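Chain by chain, the residues run as shown.
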Amino acid sequence: YVATADPTVLRRTLEALFAKPTWPSEWMVHMIFIAWADFRMTGDKKYLAEIIDRLRIFSLAQFIDDTGLVTTLTQPLNENFVQAVGADYLEDIVDWPAAERDGYELLPYNTVVNAFVFQGQKRLAELYTALGRDDEAAECLHIAEGLRTAMMANLIDPTDGLFVDGLGSSHKSAHASFIPLAFGLTPPDRVQQAIKHIETRSVLNENGFPCSVYAAQYLLDGLFEAGAGEFALSLMLNPGRRGWLNMLNAHDATITHEAWDPAFKENVDWTHAWGAAFLNVLQHQVLGVRLLQPGWQELTLTPSLPKDLSV
């Protein structure tokens, strides 16, 4: 939508994924994010009404167990889901390739996956509200708040206030901090700790992105929303291997790649749309073009520019 006002492009993607969804847990929830983006941009309630009930299964809320958390490893729930949606399988991904996970410890109760399910419920609630289906909206919000409570109780290290990678983990990847930050799960009094932790993980990743090109979307959104725009912009413009300038300077790119550099993914795709966060972040966060009402009925322009414009 940053590149074109034509909704048919996004809708063809959504319909293709309804027909054959891809395997990662978090990308099932992305189905809701796509529908939410479509409605926000177009304000088209007719199309939303046609698809919203198909979205419920992709929310993964059915995988919440008596811990109050999501685990996609529960059988036969996993098998039933795969069969119902026509996927090949269902598996948590966090980031891809695996080496881009910043050492993430994959456990059955996964912080990133739980954060995605939380955000999916929040987005579904917005969509149901737009259609006047208030009971379903309230149900989604109830599920989201239950997840928030369980995540606060079980997935945060009380010694420093940071999210761990999962239930039973002591490891704190960048992803365990920036995904909750992007989705508004980080308690306000712990936001600065999360930003500092992400800065530390960046230093350990060549002073660039401590994640893949895909996950950069959420890292940047989280930082900008938390008021750390200068740090976010420094990552966007970092000249090392782990940034977009590397694609331009080292590889003469004309379109975004699947990975920052072939060093991080040998069979890198040279034309990969999932690397295009720079464009929408530039418009929505740096230039500050914010949609306030669906269909662009109301918008605001609030630039987030660095103090030193020489960067």
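The following paragraphs examine the structure supplied in this document. It should be emphasised that the depicted structure is a prediction, and the values quoted were computed from it without experimental measurement.

**Examining the pairing of strand β3 (residues 289-293)**
Across four bridges, the pairing between β3 and strand β4 (residues 298-301) is antiparallel. Each bridged residue has a counterpart across the sheet, and for Q293 the counterpart in β4 is E298. Hairpin geometry of β3 and β4 is characterised by an intervening segment of four residues between the two adjacent antiparallel strands and by a positive phi of about 75° at G295.

**Some points on the packing of aromatic side chains**
Counting across every chain of the model gives 18 aromatic pairs. Seen from their ring centres, W23 and Y89 are 5.3 Å apart, and the 20° between their planes marks the pair as stacked. Taken as a pair, W23 in the loop between α1 (7-19) and α2 (25-42) and Y89 in the loop between α4 (77-85) and α5 (111-130) lie far apart in primary sequence, 66 residues in all. Ring centres 5.4 Å apart and planes at 80° place the aromatic pair F116 and Y218 in the edge-to-face group. Within this pair, whereas F116 is found in helix α5, its partner Y218 is found in helix α9 (residues 216-225), the two being separated by 102 residues in sequence. Considered together, F116 and Y218 belong to a single accessibility category, that of buried residues. A network of ring pairs unites the aromatic residues W27, F33, F116, F183, Y214, Y218 and W274 as a single cluster. In this arrangement the basic side chain of R123 is found over the ring face of W36, its NZ or CZ atom lying 3.7 Å from the centre. Across the ring face of F264, the terminal group of R242 is positioned such that the distance to the ring centre comes to 4.6 Å.

**Some points on the nonpolar core**
In summary, soluble globular proteins display a tendency toward joint burial of nonpolar side chains. If you look at the biggest cluster of nonpolar residues, it comprises 88 residues, and the most contacted ones within it are F116, F178, F209, L223 and W244. Broken down by element, this core gets its largest block of residues, 11 residues, from α5. In this view, W244 contacts F209, V213, A216, L220, M236, T256, W260, G275, A277 and F278; residues no more than four positions away in its chain are not counted.

**Focus: unusual backbone geometry**
Working note: non-glycine residues mostly have negative phi, and peptide bonds are mostly trans. Here the amide bond leading from Q75 into P76 is cis, since omega sits at 5°, within 30 degrees of zero. Along the chain, the position of P76 falls in the loop between α3 (45-55) and α4. Backbone torsion omega between W96 and P97 reads 0°, so that peptide bond is classified as cis. By the secondary structure assignment, P97 is in the loop between α4 and α5. Even without being glycine, V94 reaches a positive phi, approximately 65°. Structurally, V94 can be placed in the loop between α4 and α5. Even without a glycine there, the phi angle at E206 is positive, about 65°. Take E206: it is sitting in the loop between α8 (191-203) and α9.

**Details of a nonpolar patch on the surface**
A cluster of nonpolar side chains, namely L279, L282, L287 and L301, defines an oily patch on the protein surface of about 340 Å² accessible area. According to the relative accessible area criterion, L287 is partly exposed, its value standing at 42%.

**Some remarks on the pattern of salt bridges**
A side chain with one charge can pair with a side chain of the opposite charge if their charged atoms come near. What the rule picks out here adds up to 17 salt bridges. Measuring nitrogen to oxygen at the nearest pair gives 2.8 Å for the salt bridge that ties D53 to R133. In this pair, D53 is assigned in helix α3 and R133 in the loop between α5 and α6 (134-154), connecting sequence segments 80 residues apart. On the basis of relative accessible area, D53 is assigned to the partly exposed category, the value being 47%. A salt bridge links E258 to K265; its shortest N-O distance comes to 3.3 Å. Take E258 and K265: they sit in the same class, and that class is buried. In this structure, a network of salt bridges that share partners links the residues R11, D38 and D44.

How each quantity is defined
- Residues numbered from 1 in each chain as written.
- Predicted model: local features only at pLDDT ≥ 70, side-chain atom pairs only at ≥ 80, totals over all residues.
- Heavy atoms only, no water.
- Pairing = 2+ DSSP bridges.
- Helix = DSSP H or I, 4+ residues; strand = E, 2+ residues; numbered from the N terminus.
- Phe/Tyr/Trp six-rings, centres within 6.5 Å; stacked < 30°, edge-to-face > 60°.
- Buried < 20%, exposed > 50% of the residue type's maximum accessible area, 1.4 Å probe, protein only.
- Lys NZ or Arg CZ within 6 Å of the ring centre and 35° of its normal.
- Core = buried A, V, L, I, M, F, W, Y, C linked by side-chain atoms within 4.5 Å.
- Contact = heavy atoms within 4.5 Å.
- Patch = residues over 30% accessible without salt bridge, like charges linked within 9 Å, V, L, I, M, F, W, Y side chains within 5 Å.
- Areas by Shrake-Rupley, 256 points an atom, 1.4 Å probe, with all protein chains shown as cover.
- Salt bridge = Lys/Arg side-chain N within 4 Å of Asp/Glu carboxyl O.

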